[in-house]
Amino acid sequence: MTGYTMLRNGGVGNGGQPWVLRWSSRIRLTWLSFTLFIILVFFPLIAHYYLTTIDDADDAGKRIFGPRTGNELCEVKHVQDLCRIRESVSEELLQLEAKRQELNSEIAKLNLKIEACKKSIENAKQDLLQLKNVISQTEHSYKELMAQNQPKLSLPIRLLPDKDDVTFPLPKSNRNCRLHNCFDYSRCPLTSGFPVYVYNSDDYPFGSSLDPLIKQAFEATVRTNVYVTENANIACVYIILVGEMQEPVMPKPTELEQQLHSLPYWRTDGHNHLIINLSRKSETQNFIYNISTGRAMIAQSTFYDVQYRPGFDIVVSPLVHAMSEPNFLEIPPQVPVKRKYLFSFQGEKIESLRSSLQEVRSFEEEIEGNAPADYDDRIITTLKAVQDSKLDFVLVEFTCKNQPKASLPTEWALCGERDDRLELLKLSTFALIITPGDTHLVISAGCAMRLFEALEVGAIPVVLGEQVQLPYHDVIRWNEAALIIPKPRITEVHFLLRSISDNDLLAMRRQGRFLWETYFSTSDNVFSTVLAIIRTRIQIPAAPIREETAVEIPHRSGKAAGTDPNMADNGDLDLGPVETEPPYASPKYLRNFTLTAMDIYRNWNSAPGPFHLFPYTPFDPVLPSEAKFLGSGTGFRPIGGGAGGSGKEFQAALGGNVPREQFTVVMLTYEREEVLMNSLERLNGLPYLNKVVVVWNSPKLPSEDLLWPDIGVPIMVVRTEKNSLNNRFLPWDEIETEAILSIDDDAHLRHDEIMFGFRVWREARDRIVGFPGRYHAWDIPHQSWLYNSNYSCELSMVLTGAAFFHKYYAYLYSYVMPQAIRDMVDEYINCEDIAMNFLVSHLTRKPPIKVTSRWTFRCPGCPQALSHDDSHFHERHKCINFFVKVYGYMPLLYTQFRVDSVLFKTRLPHDKTKCFKFI
């Protein structure tokens, strides 16, 4: 509107310019735009037409801009490379397309398989769920059947009588006391553990009169006994020590009686009390004879028949070694069997009964029950006649050269000092013990002392007088270690002693040595035996034997161990299943309470030995869980249809009476980590392996970055308190199987060899079964024993660096075998394998069993062990001779028996196949 107004007003706008100029400028812009359009559109069309017209010329070779063929284009030099690239790319594109189609096809197939697998997994889950339901139902049914067939058992309620209970019925006389009428069973339940309370003698006036050595030894024994308790309210038995008393300060009988009756737990009559009167000398007096002891039991070495109550009181041995251990080096050997004197006797009778030679009683008088005549004069006459005949060397002296020891009336007093008597007994095959002429004297301290000294030095006791009650007579079979002959047979004694064979003599001497070591030698043995007799009488099971608590060293497990081809090269042999389930421990036998009565007969009367020290006896024929031992030598017998057979069936299962059993590998090592790791890896895939216990014998712990192999079974690394080869045989609580494979960390055994050794051990569970055999030999020039490792067809030892043995022997080695042997092993850092062979042969009287022809088992390339030291064999010579002194004889036995098998690979060296093989 403004512009229009400006034009009408003369063309003058706001800026003062004429409208004609503005119009002319618009015309120039329009023309410029049109010209550019013509140039940009029509000029290319004209150029294209012109160029096309030129290409239509007759001379085709002069065309410049026309299209050309591919070959003509490739003839151009600068585009030839581009042509080759185009062809190569085209081929690659074709190949990629083919691969793409192929991959698409495979993906389709895999998708089909995935779908099929998903369906199979779902079906397997359903089947697994059904199996779990079936297993659950089966377990429930099994529990129901067990509940129906076996009543539930629970520990009985322990009933403790009141402290002041006086309603216990009294017997007509204290002499009639027996367990059923003088012992309160309610204080001793089967599950009580047999707690024993021991009075402190120093708290009572008579304590100052006790022999200091006996009191000190008794207190030391009480402190270490497992049954002793400080809680008197729960005690089953109360024990008080009253002797041996010293003569000058001995209290009067009435005073001692009042002091006993004033004991805080005497309860008016002393039931469940045990009065111990130990004797260290032969002249110990029977001062309890004139004391009223009520219902208390008495344990001492001297009894009169009116005082002794069979099955209630206890005849104990004298306590000679009160505060000292026996010196095994001073004890003579058990061989040769026959010594200088056939028998010996030294003694003097201070007071005697009327001589039988002066007053002869009629036969009718004797059978009417009158006291028998005194045969001492007849004994003197007969023994002197034997000595004068000089048919055998005998030594009898009826008069002491020095003042005789004090003794009871009619008792033969000891002559000389103890050392002099022992020297004579060391030269005697038999030791005569003449019982007192007073038949009312059941046993005296003098007779007990003679018996103790004879057993100590290996002289077989010959007791003249069948009325005597020897120490612990109700639990020891004395006829296996001594001869008990009635006095009227004195004229036949010489004939009887000469008729005993050497084998019987050695057996009796060995049994006597065992009885002396087990029940007589120390205060611990005497006190433990007294408690064991009472505990067995009232049918309370023994306390479990202690096991060594394994202190585990934390370690890291690395990758799964591979299998050494040399170890698992079994061809087509199936050695058995590799255990994929949790480790299976051997069934434990914890002494059923219902068998305590049988235990009395078996442990004390039938088989005297160290077995009473343990809660179970692995080789006991009545144990159902140990029936496998009875099957020894009868072959593998299947159970319930059997897993035996031949060929592959035999190889795939153990069979036998115990078809399911495993073993534990115990490996001793000392700062050889690389060798140890290699040995552990070689155990990978070993059938029937329960676990591996590595006994780390070094004070230096394993490296923190050490990776332990994963062999499919637990590896327990146990830390020891000190570096000792005895640690190899400690009964670790982590060992839950009866079978132990003791193996060195550098032992190199194949799996088939180990499995064969395990099968052989199952047929001889009481013996050492292993691979490297050795033997002992007698060195005639030096008159000593030698250790020999040369190859031989005869052996007497199997080294425990690669051997199976029963865990029972680990208890015996660590707790029962004489400490002197273990000290010798620690001193030399050697000989622990010899010590174990001595122990097993001593107990079983059987040699070990060697399997396969292997004589060495060291791994090739391993660092040298202690056995390569020059002093190794010299130390083993010394060990054998020292062990012989401790045992008193050579327990090792030779054998030519070796077990090879046609069912396993038998690789025999060509130069070592001349020995007999038993298959």
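The structure presented is a predicted model; accordingly, all values stated were derived computationally and were not measured.

1. Considerations on the packing of aromatic side chains
Under the counting rule described, the total for this entry stands at 34 aromatic pairs. Each ring, one from Y472 and one from Y519, has its centre 6.4 Å from the other, and the planes form 55°; the classification is tilted. One end of the pair, Y472, is in the loop between β13 (460-464) and β14 (483-485); the other, Y519, is in helix α13 (residues 502-520), and 47 residues separate them in sequence. What makes Y472 buried here is its relative accessible area of 1%. Classification of Y519 by relative accessible area gives buried; the value is 1%. Here the aromatic residues F452, Y472, W478, F514, W516, Y519 and F520 are joined through ring pairs into a cluster of three or more. Its end group placed over the ring of F758, R762 keeps NZ or CZ at 6.0 Å from the ring centre. Positioned above the aromatic ring of Y787 is the side chain of R876, whose terminal nitrogen or guanidinium carbon lies 4.3 Å from the ring centre.

2. Topic: the confidence of the model for the protein chain
Overall, the predicted model of the protein chain reaches an average pLDDT of 81, with 76% of residues at or above 70. Low pLDDT, under 50, characterises residues 1-16; the stretch is placed with 11 contacts to residues that sit more than four places away or in other chains. Confidence over residues 60-65 falls short of pLDDT 50; this stretch has 5 contacts with residues more than four positions distant or in other chains.

3. Describing the nonpolar core
Among the nonpolar cores identified, the biggest contains 133 residues, and F194, I239, Y472 and F883 are the most heavily contacted of them. Looking at which element gives the most residues to this core, the answer is helix α24 (residues 871-887), with 7 residues. In terms of nonpolar packing, the next biggest core, distinct from the first, is built from 41 residues, I553, W696, A747 and I754 among them.

4. Concerning the sheet that holds strand β4 (residues 297-300)
Through backbone hydrogen bonds, the strands of a sheet pair up, either in parallel or in antiparallel fashion. The strand order across the open sheet built from 5 strands is β1-β2-β3-β4-β6, with neighbouring strands paired in parallel fashion. Every interior strand has two partners, whereas the edge strands, β1 (196-198) and β6 (314-315), have only one. Bridge analysis of strand β2 (residues 237-243) against strand β3 (residues 273-277) gives 5 bridges, and the strand direction is parallel. Across the sheet, the residue bridging to Y238 is H273, located in β3.

5. Looking at the sheet that holds strand β25 (residues 797-798)
Read from one edge to the other, the open sheet built from 3 strands follows the order β24-β23-β25, with strand pairing classed as antiparallel. Looking at strand neighbours, the two that pair on one side only are β24 (784-788) and β25, the edges of this open sheet. Inspection of the sheet shows strand β23 (residues 773-779) paired to β24 by 5 bridges, in the antiparallel sense. Counted as the bridge partner of W778 is W785 from β24. Across the sheet, α24 is in contact with β23, β24 and β25; its angle to β24 comes to roughly 135°.

6. Describing the state of the cysteines
In this structure the tally under the stated criterion is 4 disulfides. The side chain of C177 participates in a disulfide bridge whose partner is C182; the two sulfur atoms lie 1.9 Å from each other. With the S-S bond torsion at -75°, the cross-link from C177 to C182 turns out left-handed. For the pair C177 and C182, one class covers both residues: buried. The partner cysteine of C400 in its disulfide is C415, sulfur to sulfur 1.7 Å. Between C400 and C415, the S-S dihedral sits near -70°, and the bridge is therefore left-handed. Of the two residues, C400 sits in the loop between β9 (395-397) and β10 (412-413) while C415 sits in the loop between β10 and α10 (418-426), which places them 15 residues apart along the sequence. Grouping residues by exposure puts C400 and C415 together as buried.

7. Some remarks on helix α9 (residues 376-389)
Compared with the 20 Å implied by 1.5 Å per residue over 14 residues, the 20 Å span of α9 between its first and last C-alpha is a close match. All of the buried residues along α9 are D376, I379, I380, T382, L383 and V386. One or two residues past the end of α9 sits K390, with phi positive at roughly 55°.

8. Quick word on the pairing of strand β26 (residues 802-806)
The side chains of a regular strand alternate, first on one face of the sheet and then on the other. With 5 of its 5 residues buried, β26 lies for the most part within the structure. Because side chains alternate across β26, one face comprises the buried residues A802, F804 and H806, and the other comprises A803 and F805, equally buried. In this structure, strand β21 (residues 739-744) lies alongside β26, joined through 5 bridges in antiparallel fashion. The partner of A739 across the bridge, within β26, is H806.

9. Brief notes about the side chain of Q307
If you trace the backbone, Q307 turns up in the loop between β5 (303-304) and β6. Within the local environment of Q307, its side chain forms a polar contact with the side chain of N286, the two groups lying 2.7 Å apart. With near-sequence residues (within four places) excluded, Q307 lies in contact with N286, I288, Y289, I298, Q300, T302 and D313.

10. Notes on helix α21 (residues 808-816)
Of all 9 residues making up α21, 7 are buried, and the element is well covered by its neighbours. For α21, the full list of buried residues reads Y808, Y809, A810, Y811, L812, Y813 and S814. Those residues of α21 that are buried are in contact with β26, α22 (819-828) and α23 (832-844).

11. What to know about the environment of N277
With respect to the element layout, N277 can be found in strand β3. Residue N277 is classed as buried on the basis of its relative accessible area, which comes to 3%. Between the C-alpha atom of N277 and that of I298, which follows or precedes it by 21 residues, the distance is 7.7 Å. Beyond its immediate chain neighbours, meaning those up to four positions away, N277 contacts V242, G243, E244, Q285, F287, I288, A299, Q300 and S301. Only 3.0 Å separates the side chain of N277 from the side chain of Q300, close enough to count as a polar contact.

12. Considerations on the pattern of salt bridges
For the structure on display, the rule yields 34 salt bridges. A salt bridge links R728 to D744; its shortest N-O distance comes to 2.8 Å. Pair noted here: R728 is in the loop between β20 (715-719) and β21 and D744 is in strand β21, with a separation of 16 residues, a long-range link. The class for D744 is buried, based on a relative accessible area of 11%. A salt bridge links K846 to D766; its shortest N-O distance comes to 3.0 Å. Of this pair, K846 sits in the loop between α23 and β27 (849-851) while D766 sits in the loop between α20 (751-763) and β22 (769-770), placing them 80 residues apart in sequence. Its relative accessible area of 32% is what places K846 among the partly exposed residues. For D766, a relative accessible area of 6% translates into the label buried.

Analysis parameters
- Residues numbered from 1 in each chain as written.
- Predicted model: local features only at pLDDT ≥ 70, side-chain atom pairs only at ≥ 80, totals over all residues.
- Heavy atoms only, no water.
- Phe/Tyr/Trp six-rings, centres within 6.5 Å; stacked < 30°, edge-to-face > 60°.
- Helix = DSSP H or I, 4+ residues; strand = E, 2+ residues; numbered from the N terminus.
- Buried < 20%, exposed > 50% of the residue type's maximum accessible area, 1.4 Å probe, protein only.
- Lys NZ or Arg CZ within 6 Å of the ring centre and 35° of its normal.
- pLDDT = per-residue confidence, 0-100.
- Contact = heavy atoms within 4.5 Å.
- Core = buried A, V, L, I, M, F, W, Y, C linked by side-chain atoms within 4.5 Å.
- Pairing = 2+ DSSP bridges.
- Axes fitted to C-alpha atoms, helices over the stretch in contact; angles between N-to-C directions.
- Disulfide = S-S within 2.5 Å.
- Expected span 1.5 Å × (residues − 1).
- Polar contact = N/O pair within 3.5 Å; in protein donor to acceptor, adjacent residues only side chain to side chain.
- Salt bridge = Lys/Arg side-chain N within 4 Å of Asp/Glu carboxyl O.

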